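Here is how the chains run, residue by residue.
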Amino acid sequence: MQSTDLGNKESGKIWHRKPSPATHDGIIVNIVHSTSEYHPKVLRFLSVAFDGSGDSFIAGDHLGNIYTFDLHGNRFNLVQRTAQACTALAFNLRRKSEFLVALADYSIKCFDTVTKELVSCMRGHESSVCSISVHASGRYAITTSSDTAQLWDLDTFQRKRKLNILQSVGIQKVFFLPLSNIILSCFKDNSIFAWECDTLLCKYQLPAPPEGSSMLYKVFAVTRDGRMLAVGGKSNHLHLWCLEATQLFRIIQMPTKVRAVRHLEFLPDSFDAGSNQVLGVLSQDGIMRFVNIQTCKLLFEIGSIEEGISSSVISPHGRYIASIMENGSLNIYSVQALTQEINKPPPPLFKVIEDLPSSSSNLKMKIMPGRVQRSARCKESKIQTRILKQDLTSNLENKENKLSEGLSRKRLQILLKGYGEYPTKYRMFIWRSLLQLPENHATFSSLMDKGTHVAYLNLQKKYPIKSRKLLRVLQRTLSVLAHWSTIFGEIPYLPLLAFPFVKLFQNNQLICFEVIATLITNWCQHWFEYFPNPPINILSMIENVLAFHDKELLQHFIDRNITSQLYAWPLLETLFSEVLTREEWLRLFDNVFSNHPSFLLMTVVAYNTCSRVPLLSCTRKDDFEYFFHHRNNLDIKVVIREVYQLMETTPADIHPNSMLDAFAALTKGQYPIFNQYPKFIVDYQTQERERIRNDELDFLRERQRVENMKAEVDEQKAEDEAWYQKQELLRRAEETRRELLLQEEEKMAQQKQRLAAEKRELKIKEICLQDAARRRLLKVQQDQCEMELRRLEDEIKRKVQMRDQEIVATANDLEMRQLELESQKRLYEKDLTERQDTVAKEIREDADAYRQKMAVEDHMFQELLESSQMRSMEARRVTEDNLAKAKQACLKADWQIQALEKQKCDDLQRSQGYHEVATLLRKNRRREIEILNAMMEEEARKWKEAEEKQFHLQSEKKASALSDASRRWFLKQETSAALERGDSLSKEEGPRSHYKRCTLVAKGRHGLNPFVPNLSIK
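Sequence order as written defines residue numbering, which begins from 1 separately in each chain. Confidence filtering applies because this is a predicted model: local features only for residues at pLDDT of at least 70, side-chain atom pairs given and counted only at 80 or more, and all residues used for totals across whole chains, interfaces and linings. Based on all heavy atoms of the structure, the side-chain values leave hydrogens and waters out of the count.

1. Re the overall build of the protein chain
- Secondary structure elements follow DSSP: runs of H or I of four or more residues count as helices, runs of E of two or more count as strands, with numbering from the N terminus. Scanning the protein chain from N- to C-terminus turns up 21 helices and 32 strands.
- Counting every position in the protein chain, which comprises 1018 residues, the buried fraction comes to 35%.
- Residue contacts are counted whenever heavy atoms from the two residues lie within 4.5 Å of one another. In the protein chain, once contacts between residues fewer than 6 apart in sequence are set aside, the share between residues at least 24 apart is 56%.
- To be clear on the numbers: accessible area is Shrake-Rupley with a 1.4 Å probe, and residue cover counts the displayed protein chains and nothing else. By element, 54% of the accessible surface of the protein chain is carried by carbon and sulfur atoms, the whole surface being about 64100 Å². For every residue, the accessible area obtained with a 1.4 Å probe (protein chains only) is divided by the maximum for its type, and the residue is called buried under 20%, exposed over 50%, and partly exposed between those limits.

Here you go:
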């Protein structure tokens, strides 16, 4: 398994050598993103999303780094740094280079992978977005959070609709169904609704789960054709819903190890037409198990308990699985490697034990798989075992009968003659082995990518098949054949020929195409040489064989003017599918595929000869046509026996075997070129068809243009008629209105005269009323002046009294305020002193505790050193004593040499110990110096901070003293001014009141307004 660390690189290769994933785990590469700082850490991936091609995907980590990975080009690129965790990712299906990302700030942003620029930002959620679903057209997107779901228009990036729900009912997931215009909304109360995207009308609601089920739906998955919904939750049960029938289809119970399902996703297959059969189930233990929902068998699994999977995404074409592991890394799995064991062909049904040479006839052997067991006699006589090889001559003779998978065509023929047919369970495998299909996936995919051929665009009109899936598979298979060779787009009977195989292999279109292609290249030899006519040469072969074996029947055909195009060609062009049942047809083609290509032509002759009695009784042409296009009461076993009899008894000069080539399989890698047809005729027909098609298009366009012009003329004519009618109506209305205007003008003149008289009368009355009102107003003004004078005198007296009271109260308040300020000042000084004492005490206690802690640690370290030294000395002393006792019996010279060597070893050990202790002391000294420097820096910073605070305190005190002094001065000034103003008012009250009264009376007599502000009193 290869591992790639992204590091700080913005681009690079995903793997540096060609990956070869193992079968047991299938991992292509493991991707890790770690930082290269002093303390490296792993950045966890949170979200992954594949694009439409399936060969590229994007992944975002918890720091907002978003990467694109191109598995086809082996490149990764950093496309964006959002600086926020990514909660969901999705590609824009319409604009391939754009993708949507949901961020931790509840916003959804659209970026471009090519320009790496922000395209748009969408806001509206109030909680984190957990999923993004994009419509198949790429125009709309649905974002889902725990409290709401919102529908966005990706052309304008504006919110189109918002789903509001009750707080008691939460949202699990809202998403689009694939290949449809339906929105599926799933809620926490297990209710599931389907809505039309355009009208947002409820289309249907799924019924409630069974009564015995207590599972709450948490995770959901839909097949690619949108017909099946898989649901899971905190249980080991899976519910499969059929969305077309809106009913529960099946309940699958997972193994007992599975207690909860965290994620579900279907595994796509290129040849299942969207009806996915394999479901991936991620459980709580971090293992993702893939099961077949039809057979309910566990196919394979990824992940383990030690390396669990957090979430997984499968590519649209089903080749890769991208899994985010629980450790934050990213694993890329190869589905082909994981399914390699599953897709292996089954073992052969039987084995043939061949006779041994006569020289070793007395040696008995037991055939066991994998090894050879000899008899007891063989064990006694030491005979060397060797692998027997076949003769070269026999190998050359049987080369044609040997198949690539190890099956023998002759053995299969023996089995077929014994049972009459192949076992149903292994029939498809035997056919694939007999036909030696190359399974060229890449070439077939390239032919499939060309789309539907022009010749089969309207296939459903000519062949209205009830099953839409079968119709799609037939259309695709015929289109691939037409893209492979031009003639297959011109043959009218090709759908009849291919339909039985399409129905048989509808779940594997590659095998279906290769079976039909092999059938055409071998059993349909020389069919197209006389195109567009039937194969006259092949029909002549059949007629010659029929003339040899049943002249009477042929003469009957001739007498009734029945040619081989009526009694042979209908059977060939439909491959007997019209005249045989399914089981009979399968039995027949078991024999056809196991024999020479001429077997099919002999089958036509045998079918006629076995039906000679009803055929001889037919006289009308319609009866013959009906006979060869409908099922008849005929035993297929008898027909097959007759075919083998004809194959053996037909002379070589008329035998089709001599005119048809032997079987030749399709080539691997690329399909062979098929040009066995009159190319100029096919090209001419193609050109003619294209010309006719263009003429039809031109005719349709011209007819549409004429219809448009006719519609425009009719519309213009209707508009002109309406305009003339409107003008006539307007003229009549104008005359009527002119008469009415004249009448109204006369009425208006009369009314004006009456109004003028009434105006004169009203004017006279108004003048009289104004004179009376003026006199009344003058009287009222005089009364108001007198009342105002009395009110002003009372107001002046009241204000003077209130001002005296306010001055006295203000003086008292000022004295109280001064006393309060002084008391507050004393309290603040006292609190400041206590706080400083408390802070100083805490600082001293911390310093004492720190010194005590350092002393204890130094003491413990010294004790540790002393104890380690004492233990080493004690161990050394015991070792020396033991060595001395053990070596007492040795010679003196040996003892001295050993003592010297021991001393050297002790010296080396002691020096190493000294070095280690010195290293530890140096490290401790460096750490102490770093700690002392840090403490000195902290002390200097604290002293500086204390000085700054002291300076700030002094400045605040000065400012407070200045404000107190200014406040006292202001209060004194205001108090003295108030006292002086009170004395002056009391002295001048008599003269001022008399002067004011005289002034008001004089102004009233002269007609002036007495209500003038600030008359003479301030």
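Having seen it, we continue.
2. A short note on the sheet that holds strand 30 (residues 330-334)
- Between any two strands, at least two bridges found by DSSP are needed for them to pair. One open sheet accounts for five strands, arranged 1-3-30-29-28; its pairing is mixed. Bordering the open sheet on either side are strand 1 (2-5) and strand 28 (309-314), each of which pairs with just one other strand. Ignoring which end each strand starts from, the neighbouring axes of this sheet average 20 degrees apart.
- Judged from the four bridges that link them, strand 3 (residues 27-32) and strand 30 form a sheet pairing that is antiparallel. When the bridges of strand 30 are listed, V29 appears paired with I332. Between N-to-C directions, angles cover 0 to 180 degrees, with each direction set by a line fitted to C-alpha atoms, over the stretch in contact for helices.

3. Overview of the nonpolar core
- In this structure, F501 and F593 are the most contacted members of the largest nonpolar core, which totals 101 residues.
- Non-local contacts of F501, meaning those with residues more than four positions away in its chain, are made with W431, C512, V515, I516, L519, L575, W585, F589 and F593.
- Take the buried Ala, Val, Leu, Ile, Met, Phe, Trp, Tyr and Cys residues and link them wherever side-chain atoms come within 4.5 Å; each set so joined is a nonpolar core. By size, the runner-up hydrophobic cluster in this structure holds 22 residues, among which are L6, F69, L71 and F76.

4. Describing the pairing of strand 12 (residues 129-134)
- Counting buried residues in strand 12 gives five out of six residues, a clear majority hidden from the surface.
- Judged from the five bridges that link them, strand 12 and strand 13 (residues 140-145) form a sheet pairing that is antiparallel. Across the sheet, V129 pairs through a bridge with S145, a residue of strand 13.

5. Things to note about the environment of A322
- Positionally, A322 belongs in strand 29 (residues 320-325).
- On a C-alpha basis, the gap between A322 and A49 in space is 8.6 Å, while along the polypeptide they are 273 residues apart.
- When residues no more than four places from it in sequence are discounted, the contact partners of A322 are V48, F50, S311, S312, V313, N331 and I332.

6. What to know about the pairing of strand 23 (residues 247-253)
- Relative to strand 23, strand 22 (residues 237-242) runs antiparallel, the two being bridged by six bridges. Directly across from H237, in strand 23, lies its bridge partner Q253.
- Here strand 22 folds back onto strand 23, and the loop between the two strands holds four residues, one of which, T246, carries a positive phi near 50 degrees.

7. Some remarks on the sheet that holds strand 12
- Spatial ordering of the open sheet is given by 12-13-14-15, a layout of four strands whose pairing is antiparallel. Strands with a single pairing partner mark the edges of an open sheet, and in this sheet they are strand 12 and strand 15 (158-163). In this sheet, adjacent strand axes meet at a mean angle of 20 degrees when their direction is disregarded.
- In this structure, strand 13 lies alongside strand 14 (residues 149-153), joined through five bridges in antiparallel fashion. Within strand 14, the position partnered with A141 by the bridge is W152.

8. Side note on the confidence of the model for the protein chain
- Within a predicted model, pLDDT stands for the predictor's per-residue confidence, ranging from 0 to 100. Averaged over every residue, the pLDDT of the protein chain is 81; residues scoring 70 or more account for 87%.
- With pLDDT under 50 throughout, residues 355-402 is counted as low confidence; its partners more than four residues away or in other chains account for 29 contacts.
- Taken together, the stretch residues 993-1018 has pLDDT below 50 and engages in 16 contacts with residues farther than four places along the chain or on a different chain.

9. Here's the deal with the side chain of E573
- Relative to the helices and strands, E573 is located in helix 14 (residues 569-573).
- The side chain of E573 sits in the buried core without any salt bridge; K462 is the nearest counter-charge, 9.8 Å away.
- Excluding anything up to four places from it in sequence, E573 contacts Y493, L496 and L497. None of His or the chain ends enter the tally, which takes Lys and Arg as positive and Asp and Glu as negative. Note on definitions: salt bridges are taken to be side-chain nitrogens of Lys or Arg within 4 Å of carboxyl oxygens of Asp or Glu.

10. Considerations on the packing of aromatic side chains
- Planes of paired rings set the category: under 30 degrees apart is stacked, over 60 is edge-to-face and the rest tilted, where pairs are Phe, Tyr or Trp rings (Trp by its six-membered ring) whose centres lie within 6.5 Å. Applying the stated rule across the entire model yields 37 aromatic pairs.
- Taking the centre distance of 4.9 Å and the plane angle of 15 degrees together, the rings of F57 and F69 count as stacked. Of this pair, F57 sits in strand 5 (residues 56-61) while F69 sits in strand 6 (residues 65-70), and the two are twelve residues apart along the sequence. Both residues of the pair, F57 and F69, belong to the buried class.
- Members of the aromatic cluster, joined through ring pairs, are W431, F501, W523, W585, F589, F593 and F663.
- Whether a charge sits over a ring comes down to the Lys NZ or Arg CZ being within 6 Å of the ring centre and within 35 degrees of the ring normal. Positioned over the ring face of F175 is K173, at 5.3 Å from the centre of the ring.

11. Description of a negative patch on the surface
- On the surface, E712, E715, E719, D720 and E721 cluster together into a negatively charged patch.
- Assignment of secondary structure puts E715 in helix 20 (residues 679-886).
- For E715, a relative accessible area of 47% gives the class partly exposed. Patch criteria: residues need more than 30% relative accessible area and no salt bridge. Like-charged residues are merged within 9 Å; nonpolar side chains of Val, Leu, Ile, Met, Phe, Trp and Tyr are merged within 5 Å. Charge positions are represented by NZ for Lys, CZ for Arg, CG for Asp and CD for Glu.

12. Description of the side chain of S127
- Here S127 is to be found in the loop between strand 11 (118-122) and strand 12.
- Of note is the side chain of S127, whose polar atom sits 3.5 Å from the side chain of S145.
- Not counting chain neighbours up to four residues away, the residues in contact with S127 comprise Y106, S145, S146 and D147. Pairs of N or O atoms are called polar contacts if they sit within 3.5 Å, as long as, within protein, a hydrogen donor faces a hydrogen acceptor (for residues adjacent in sequence, only side-chain-to-side-chain pairs).

13. Some thoughts on the packing of helix 9 (residues 494-504) against helix 10 (residues 509-522)
- Two numbers describe how helix 9 lies on helix 10: the axes approach to 10 Å, and their chain directions differ by 130 degrees. Relative to helix 10, the element helix 9 is oriented oblique. Between helix 9 and helix 10 the crossing geometry is right-handed. For the pair helix 9 and helix 10, the contacting residues are L494, L497, A498, F501 and V502 in the first and C512, V515, I516, L519 and I520 in the second.
- Lys, Arg, Asp and Glu make up the charged group, whereas Ala, Val, Leu, Ile, Met, Phe, Trp, Tyr, Cys and Pro make up the nonpolar group; the residues left over, Gly among them, are polar. The residue makeup of the contact of helix 9 with helix 10, split by class, is ten nonpolar, no polar and no charged. Put simply, angles under 35 degrees are roughly parallel, angles over 145 are roughly antiparallel, angles from 65 to 115 are roughly perpendicular, and the rest are oblique. Rotating anticlockwise by less than a right angle from the far helix to the near helix defines a left-handed crossing, while the corresponding clockwise rotation defines a right-handed one.

14. Some words on the pattern of salt bridges
- With the rule as written, the count across this model stands at 32 salt bridges.
- Note that E326 is salt-bridged to R262, the shortest N-O span being 3.6 Å. With E326 in the loop between strand 29 and strand 30 and R262 in strand 24 (residues 261-267), the pair connects residues that are 64 residues apart, well separated along the chain.
- For E326, a relative accessible area of 39% puts it in the partly exposed group.
- In this structure, R731 engages E735 in a salt bridge whose closest nitrogen and oxygen atoms are separated by 3.1 Å. You can see R731 and its partner E735 sitting in helix 20, four residues apart, about one turn around the helix.

15. Observations concerning a positive patch on the surface
- On the surface, R922, K923, R925, R926 and R927 cluster together to form a positively charged patch.
- Tracing the backbone shows R927 in helix 21 (residues 892-1005).

16. A word on helix 11 (residues 536-549)
- The length a helix should cover is 1.5 Å for every residue beyond the first. Over its 14 residues, helix 11 runs 20 Å from end to end, which matches the ideal 20 Å to within 8%, given 1.5 Å per residue.
- Three or more residues of helix 11 are buried, namely N537, I538, L539, M541, I542, V545 and L546.
- Close packing links the buried residues of helix 11 with helix 12 (551-559), helix 13 (564-567), helix 14 and helix 16 (598-610).

17. A word on helix 19 (residues 636-649)
- Here helix 19 is 14 residues long and its end C-alpha atoms lie 20 Å apart, about the 20 Å a rise of 1.5 Å per residue gives.
- Within the span of helix 19, buried status applies to I636, V639, I640, V643, Y644, L646 and M647. Down the axis, helix 19 shows its buried residues gathered within 160 degrees of arc, on one side only. Relative to its buried face, helix 19 has exposed residues pointing more than 90 degrees away, namely R641 and E648.
- Looking at the buried residues of helix 19, the elements they touch are helix 4 (409-419), helix 11, helix 15 (582-593) and helix 16. It is the directions from the helix axis to the C-beta atoms that the arc portrays.

18. Some remarks on unusual backbone geometry
- Backbone geometry places L179, a non-glycine residue, at a positive phi of 55 degrees.
- Within the secondary structure layout, L179 lies in the loop between strand 16 (171-176) and strand 17 (182-187).
- Of note, L575 is a non-glycine position whose phi angle comes to about 55 degrees, a positive value.
- Examined against the element boundaries, L575 turns out to sit in the loop between helix 14 and helix 15.

19. Here's the deal with the packing of helix 15 against helix 19
- One can describe the packing of helix 15 onto helix 19 by two numbers: an axis separation of 10 Å at closest approach and a directional angle of 15 degrees. Classified by the angle their axes make, helix 15 and helix 19 are roughly parallel. With respect to the hand of their crossing, helix 15 and helix 19 are arranged in right-handed fashion. The residues of helix 19 that touch helix 15, namely those facing E584, R587, L588 and N591, are I636, K637, I640 and Y644.
- Taken together, the residues that form the contact of helix 15 with helix 19 break down as four nonpolar, one polar and three charged.

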